[in-house]
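# Structural features, examined
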2 protein chains.
Amino acid sequence: MKALEEKIMAEGTVLPGNVLKVGSFLNQQMDSDLIMEIGREIARLYAGEKITRVLTVESSGIAIAVAAGIALHVPSVFAKKHKSANMPKEVFTAPVYSYTHKETYEIAVAKEYIGREDNVLIVDDFLANGNAVRGLMRIIEKAGARLAGCAIAIEKGFQGAGDELRAQGIRVDSLAIVQSMEGGRVEFRAQ
Amino acid sequence: MKALEEKIMAEGTVLPGNVLKVGSFLNQQMDSDLIMEIGREIARLYAGEKITRVLTVESSGIAIAVAAGIALHVPSVFAKKHKSANMPKEVFTAPVYSYTHKETYEIAVAKEYIGREDNVLIVDDFLANGNAVRGLMRIIEKAGARLAGCAIAIEKGFQGAGDELRAQGIRVDSLAIVQSMEGGRVEFRAQ
């Protein structure tokens, strides 16, 4: 998606440890028009797929999942990372290892919000090592639902997880694929 | 807002400890059309106010803040509750006591995402004891920005914080005000 690639070039910053900081438009601060445009693009890509639910992980995936849900007119659901007092006892869970925080945490979705009748679209802001997506896939599997695909804003192509998923036959649509950040210079994969 | 009150009556559940569970449409699962309608209503209420930024706290406030930001065509920003590895060092912080979790946590917004030129609209899913809103107000104050008002989806009117803020001269718009949940029966304040 050209608008997203341009925004990454204009405002993204490469930090040590292969971190691409996009906090000014996609994370802590969200560029509302861009977020909605991303949501509409995801809806366009999955228009023929009869999606029933959009699934993401808190917190940074929520904005894009909400925009995709709005554009698709289907509910969005976010997996929680932290135990909540109001959390129902009946949940599907999956472990996720975070390279950023160097720890394994559990993600959870209440059983009432995903079921075997669902055709689920995973949405997230980043796809790097693929751990969050694999955790969400595990929850979809436990729920007996169908995975329609994964719609990602920014894929770090050089980390390989997106291509591994594709090689497994999973549909992965990334609106921008960063092929290299060597020397602090962002290069995109042609799509 | 009639659509929100009707949804609360249809799907909200009163749990022990004055908890109003709205996880099926406003929290873990989000009714996309309703969320966008809430965003549009907030934009309508603040149309004359020249809002420059929408501010909320992760995670449950993000969906509504994103929808309000989309409707207002201004960026939305969320305060983080947990320290993040990618978090800039320069942040405005404020302590917030959570009655749900019985602990005080710190919320933080990077200084680059809020400044003295801003006219900020606080958006949140719930206003109960007002602690989250007061934490966000503290951050706006530290940034030297102006607080335009607080737009809330559901105010627990019987907990009094909304009226205290109004008595202080702060504009608070709640799309549904729950006046009582006695005996598990939700009653709204006429607006």
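Since this is a predicted model, take the numbers as computed values, not measurements.

### Considering the overall build of chain A
When helices and strands are counted, chain A shows five helices and eleven strands. Taking 191 residues into account, the globule formula puts the C-alpha radius of gyration at 16 Å, and chain A, at 16 Å, falls close to it. Summarising its shape, the C-alpha atoms of chain A cover approximately 45 × 40 × 35 Å along the three principal directions. In chain A, of all internal contacts separated by at least 6 residues, the share reaching a separation of at least 24 is 59%.

### Things to note about the sheet that holds strand 4 (residues 53-57) of chain A
In space, the seven strands of this open sheet follow the order 11(A)-10(A)-9(A)-8(A)-4(A)-5(A)-3(B), with mixed pairing throughout. Looking at the sheet topology across the chains shown, the edges are occupied by strand 11 (187-188) of chain A together with strand 3 (29-30) of chain B. Where strand 4 of chain A and strand 5 (residues 76-79) of chain A come together, four bridges link them in parallel fashion. When the sheet's bridge partners are listed, T56 of chain A is paired in strand 5 of chain A with F78 of chain A.

### Some words on the interface of chain B and chain A
The interface is formed by 32 residues belonging to chain B together with 32 residues belonging to chain A. Those elements giving two or more residues to the side of chain B that touches chain A turn out to be strand 2 (19-21), strand 3, helix 2 (32-45), helix 3 (62-72) and strand 5 (76-79) of chain B. Ranked by residues supplied to the side of chain B that touches chain A, first place goes to helix 3 of chain B with six residues. Looking at the side of chain B that touches chain A residue by residue, the classes come out as 16 nonpolar, eleven polar and five charged. Two strands pair when backbone bridges link them, and strand 5 of chain A and strand 3 of chain B are joined in this way by two bridges, in the antiparallel orientation. Bridged to S76 of chain A within strand 3 of chain B is M30 of chain B.

### Here we look at the packing of helix 1 (residues 2-11) of chain B against helix 2 of chain B
All names here are of chain B. Remark: helix 1 packs on helix 2, axes separated minimally by 10 Å, with the N-to-C direction vectors making an angle of 140°. The hand of the helix 1/helix 2 crossing is left-handed. Residues A3, L4 and K7 of helix 1 lie in contact with helix 2, whose contacting residues are L34, E37 and I38.

### Description of the sheet that holds strand 10 (residues 172-180) of chain B
Strand order in the open sheet made by the seven strands is 3(A)-5(B)-4(B)-8(B)-9(B)-10(B)-11(B), with mixed pairing throughout. Whereas interior strands pair on both sides, the edge strands pair on one side only; in this sheet they are strand 3 (29-30) of chain A together with strand 11 (187-188) of chain B. Set on the sheet, helix 4 (residues 131-143) of chain B makes contact with strand 4 (53-57), strand 5, strand 8 (119-127) and strand 9 (146-156) of chain B; between it and strand 8 of chain B the angle comes to about 165°.

### As for the confidence of the model for chain A
Confidence in the prediction of chain A, expressed as mean pLDDT, is 95, and 97% of residues score 70 or more. Confidence estimates for the predicted assembly give a pTM of 0.96 and an ipTM of 0.95.

### Remarks on the pairing of strand 7 (residues 103-110) of chain B
Residues and elements named next belong to chain B. Sheet topology places strand 6 (residues 91-98) next to strand 7; eight bridges connect them, and they run antiparallel. If you follow F92 over to strand 7, its bridge partner there is V109. Between strand 6 and the antiparallel strand that follows it, strand 7, lie four residues; K102 among them carries a positive phi value of about 55°.

### Considering the relation of the copies chain B and chain A
Rotating chain B by 180° and translating it 0.0 Å along the rotation axis places it on chain A, where the RMSD comes to 0.0 Å. Taken together, the rotation and translation describe the operation of a two-fold axis. Every residue of chain B has its C-alpha some distance from the rotation axis, and the shortest such distance is that of S59 of chain B, at 2.8 Å. A high fraction, 100%, of the interface residues of chain B reappear at the interface in chain A, so the copies pair face to face through one surface.

Basis of the calculations
- Residues numbered from 1 in each chain as written.
- Chains lettered and ligands numbered in written order.
- Predicted model: local features only at pLDDT ≥ 70, side-chain atom pairs only at ≥ 80, totals over all residues.
- Helix = DSSP H or I, 4+ residues; strand = E, 2+ residues; numbered from the N terminus.
- Rg over C-alpha atoms; globule rule 2.2 N^0.38 Å.
- Contact = placed C-beta atoms within 7 Å.
- Pairing = 2+ DSSP bridges.
- Nonpolar A, V, L, I, M, F, W, Y, C, P; charged D, E, K, R; others polar.
- Axes fitted to C-alpha atoms, helices over the stretch in contact; angles between N-to-C directions.
- Left-handed = near helix turned anticlockwise from the far one by under 90°.
- pLDDT = per-residue confidence, 0-100.
- Least-squares fit on C-alpha atoms with pLDDT ≥ 70 in both.

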